[in-house]
Amino acid sequence: MQRILCLVLSILVICSSAFAQVTFEDMIDSDGTQSIITTPVEPGTTLEDIVDHNELDFEQSDLDPGIPLEGDYIGKGCFTPDGGRILFPNRATDNVTVYDNETGDMITNIEVGTYPGEIACSDEYAVVACAFSDEIYVIDLSDYSIAGIFDSGEQPWVVRISNDGARAFVACDIDDVCEVINLETLTHERTIQSFPIALLSYSMSSEHGRLFFNFSDFEVTADDGFVFAGAGRDSVSVFTVETGEFAAAVHFSQFVRNVALSGDGEVAVTVSSSTPVIAYQLDPVNWVITDSVVVEGYSQSFLGLAVNQDGSKAMFGTSSNTTTIVDFADDNYTMFSETYSAFWTGVNYDHSLGISGQYRFSVIDFDTESVLGQFIGRAQYYGTVSPVSNYAASLNPFGREGVMFFDYTTPNSPDYLGITDAGETPEGDAPRRVAITPDGSKALIVNIVSENVTILNLETYEIEAILYVGERAQNVAITPDGSYAVACGYENGIVAIIDLELNMVIAEVACGQRPGVISISPDGGYAYVGNIQSNTVSVVALLGAASMEVAEVPCGVIGVSMAAFGVQSDVEVTPSGNYVCVAASFDDQLKVIDTSTNQVVASIGVGDFPLQIETAEFFGQEYAFVSNFFSDQVSIVYVDGANSSLMGTFTSGDGPFRVAYDETQNRFATACYYDRTLRTYDIQSGQQTVETTYPNNYGNPIQVEYDGEGTPICLFIGGQEPASRLVRGDEEPALLPATASFFDYCPAVEKAVATMPGPDWVTVVDWDTTGVEEQVSVGGTIPDTYQLHAPYPNPFNSTVTVQYSLPEMGNVHIQVYDALGREVAVLTDGNRPAGHHTLSWNADVLSSGTYFIQMTAGNYTNVESVTLVK
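Residues numbered from 1 in each chain as written. Predicted model: local features only at pLDDT ≥ 70, side-chain atom pairs only at ≥ 80, totals over all residues. Heavy atoms only, no water.

(A) Quick peek at the overall build of the protein chain. Within the protein chain, the regular secondary structure consists of 0 helices and 76 strands. Its C-alpha atoms give the protein chain a radius of gyration of 28 Å, near enough to 29 Å, the size a compact globule of 870 residues would have. Overall, the protein chain is about 90 × 75 × 55 Å in size when its C-alpha atoms are taken along their principal axes. For the protein chain, the proportion of its 870 residues judged to be buried stands at 64%. Across the protein chain, every contact between residues at least 6 apart in sequence was considered, and the portion connecting residues at least 24 apart equals 50%. Just so you have it, the protein chain exposes about 29500 Å², and 43% of that area is on carbon and sulfur atoms. (Helix = DSSP H or I, 4+ residues; strand = E, 2+ residues; numbered from the N terminus. Rg over C-alpha atoms; globule rule 2.2 N^0.38 Å. Buried < 20%, exposed > 50% of the residue type's maximum accessible area, 1.4 Å probe, protein only. Contact = heavy atoms within 4.5 Å. Areas by Shrake-Rupley, 256 points an atom, 1.4 Å probe, with all protein chains shown as cover.)

(B) Structural detail: the pattern of salt bridges. For the coordinates displayed, the defined rule picks out 21 salt bridges. The residue Glu-691 makes a salt bridge to Arg-679 at a minimum N-O spacing of 3.3 Å. One end of the pair, Glu-691, is in strand 62 (residues 688-693); the other, Arg-679, is in strand 61 (residues 677-682), with 12 residues separating them in the sequence. A salt bridge links Arg-822 to Asp-818, with the shortest nitrogen-to-oxygen separation between them at 2.7 Å. Through salt bridges with shared partners, one network takes in Arg-167, Glu-189, Arg-190 and Glu-242. (Salt bridge = Lys/Arg side-chain N within 4 Å of Asp/Glu carboxyl O.)

(C) Up close: the sheet that holds strand 43 (residues 494-499). Spatially, 41-42-43-44 is the arrangement adopted by the 4 strands of the open sheet, whose pairing is antiparallel. Sheet topology places strand 41 (473-478) and strand 44 (504-510) at the edges, where each strand pairs with a single neighbour. Neighbour to neighbour, the strand axes of the sheet diverge by 25° on average, direction disregarded. With 6 bridges connecting them, strand 42 (residues 484-489) and strand 43 associate as antiparallel partners. Residue pairing in the sheet places Ala-487 in a bridge with Ala-496 of strand 43. (Pairing = 2+ DSSP bridges. Axes fitted to C-alpha atoms, helices over the stretch in contact; angles between N-to-C directions.)

(D) Summary view of unusual backbone geometry. The step from Thr-275 to Pro-276 runs through a cis peptide bond, and the omega angle for that step is 5°. Cis geometry is adopted by the peptide bond preceding Pro-795, which originates at Asn-794 and carries an omega value of 5°. Structurally, the position occupied by Pro-795 is in the loop between strand 70 (787-788) and strand 71 (799-806). At Asn-598, a position not held by glycine, the phi torsion is positive, near 50°.

(E) Up close: the environment of Asn-492. Mapping Asn-492 onto the fold places it in the loop between strand 42 and strand 43. When the C-alpha positions of Asn-492 and Gln-513 are compared, they lie 7.9 Å apart, and in sequence the two are 21 residues distant. Discounting residues that sit within four places of it in the chain, Asn-492 has contacts with Tyr-468, Gly-470 and Glu-471. For Asn-492, the side chain forms a polar contact with the main-chain nitrogen of Glu-471, separated by 2.4 Å. (Polar contact = N/O pair within 3.5 Å; in protein donor to acceptor, adjacent residues only side chain to side chain.)

(F) How the structure looks around the side chain of Glu-207. Relative to the helices and strands, Glu-207 is located in the loop between strand 16 (199-205) and strand 17 (211-215). In terms of polar contacts, Glu-207 uses its side chain to reach the side chain of Arg-472, at 3.0 Å. Contacts of Glu-207, omitting those with residues within four sequence positions, involve Gln-34, Arg-432, Ile-448, Arg-472, Gln-474 and Phe-565.

This is the structure:
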């Protein structure tokens, strides 16, 4: 009997199975850019139609992953009125993280209701809308206690605070009501009926299923007399605060969505959802339209609206990668392309500067209508600005679940201050790929959002380590002897070499741009890394701490299909280790690299969009089996260096996806995504030998492996509940609790490990046991103390490895001094996450002698001496 162990790395199940219904022919990318799909919703759509929050009932003994508390699925936050703190809700872990704006440090985590979506703050309180428990939490900011919990209408989402801090207004989507909470008496004051609030759009990452969404907003007038809202309708509705009664409606010829006030409160602004986009200026006393500006040929691209002090100008994101300022006085507009389309907009404390956030954090002068300064390099989808100074905080829910801090006190040169994770660190967010050691003792799980690898003990089901491996970590492979693992830091352009005895990163090797796929030679001496953006294969000599790139081989145009959370063009070493086969997907070719010369020696035309490869040896000859995703074909290639040749390209099922080799019967197999079949082929003739059709309710097969005895194991996603199935032969399927992206199987222990990036879950299926179904949740470990470890080797010839450990995230400074006390090198300086860290210092330019390595972190200081001998 199978035993299923669900290793929970969070608590929320997202309906990522929606991806199973998408046709992926247009969702391919030769640069490997993360695909964010933004979908405007039909009127009346609610978030419950997209998020299945009923699966929150999944029972576990301990729901705190990694280091509790975590902060998963970070939502929309705000500054406190004094600008000293920032609060952000974490929707999946049902808590709020409080940050110190000056230091960027996490102050505390506060447990609240289910799925907190948005926060607003007065001087004394923070008000949190908890959408799926239909509650409003009020947090006392003096001690972070819960000052009150109020029942609300169904699905509260948007929160505003009156200017005098006396009332909180919380708009609820399903009931279309606005709850008014008196913050002086901590009582529910009234419910405003027929209040327009609506879900307007949601965005989802094809890489891991993370969600972010936008609701229409509302504002409170400067005199606290009215609240007014636009909700994708053809009017702005106005309600009286004191009575909650409907007061007025301003009608338009188009639908309008978001609203904002000028700094002096004398002008209201709204923007249409039409093309061309129209910005309207309103009188918030008489509630009439006073002016409008048409931006010809463009639409509003994302929600967000910033208005200057007197209301004469407004800024918002527009289509075609632009951001626009409209000038009501002159009836014109200025458009910026250097900002890209603003994903979010803000305005500084005196409304003189507009903030445009996207991959570029831009500071824009309303007066001169010019971009004063930018920071380029961090994607942002939501942000908030300080009400008292030129500071801002933003987040990228698709990249890393933390808060980014910006100081634009000097507008011409905004300063990125760093990122602090939500909740505690280290986390294991969006597990996407997994590899099991050959002996089945450990599983290495790549967490794409938290940028790390979790090492899981498959005997005790305890987390042994969580190691940082680089931004947008993609993949991991293990050497045949189980000594080392190689993991990709996608955006960093590095691969991390992990010592599996020490459970530490011992080297970081620079590769080409966006390394995403890894294959290791049979002798464990080399890793071959497919670099998606630079279209090369890096050859990395695996020499422990001295590992290095020895060649980078152009390999044709490779890329990514966004099916099943993203599958990259494959790179596979042949069983002899003499050749590497590369799926040049955009060239419709299989490239053959000779590993003795590290040169492409053959280019074999195959079908349309070759995606995945399996290699095998049969009677001393080597073959490659290739799935051609778009032409519904498979190809078999005889691999012999420059003499390589196409044996044939054969018809397969609809959407041949991942492939496998069954050595017991010398056959290849492919899982066909769309027609739900598994098809096997003779290794020499290419003749199809078996076709297995699976039930429709299983969903779509995205992967197949063999168990070493000739039985296929297939992973299915997107079927009827449950979200995924792991099917071994004709046995009853192992039912997975969420949508999976990948699995690995180890014959030595008959265990499979499947990753589920949407809800941060990992499931282990154990076929080598008897007993009942068991569910186990695990936590992580980090060092107990700060420590600078003894460098090695010591003495050293040119390069020495320096390792250090941190019990918590913080600033670390490590420098090197010579015998006279002169600083000769700085090894690291900045904010670093908790965990074990490894540095490599090359001292080729220095003379032989004794050097001193000093580490400072918090109150900890330590010095280790090393001797350089040349």
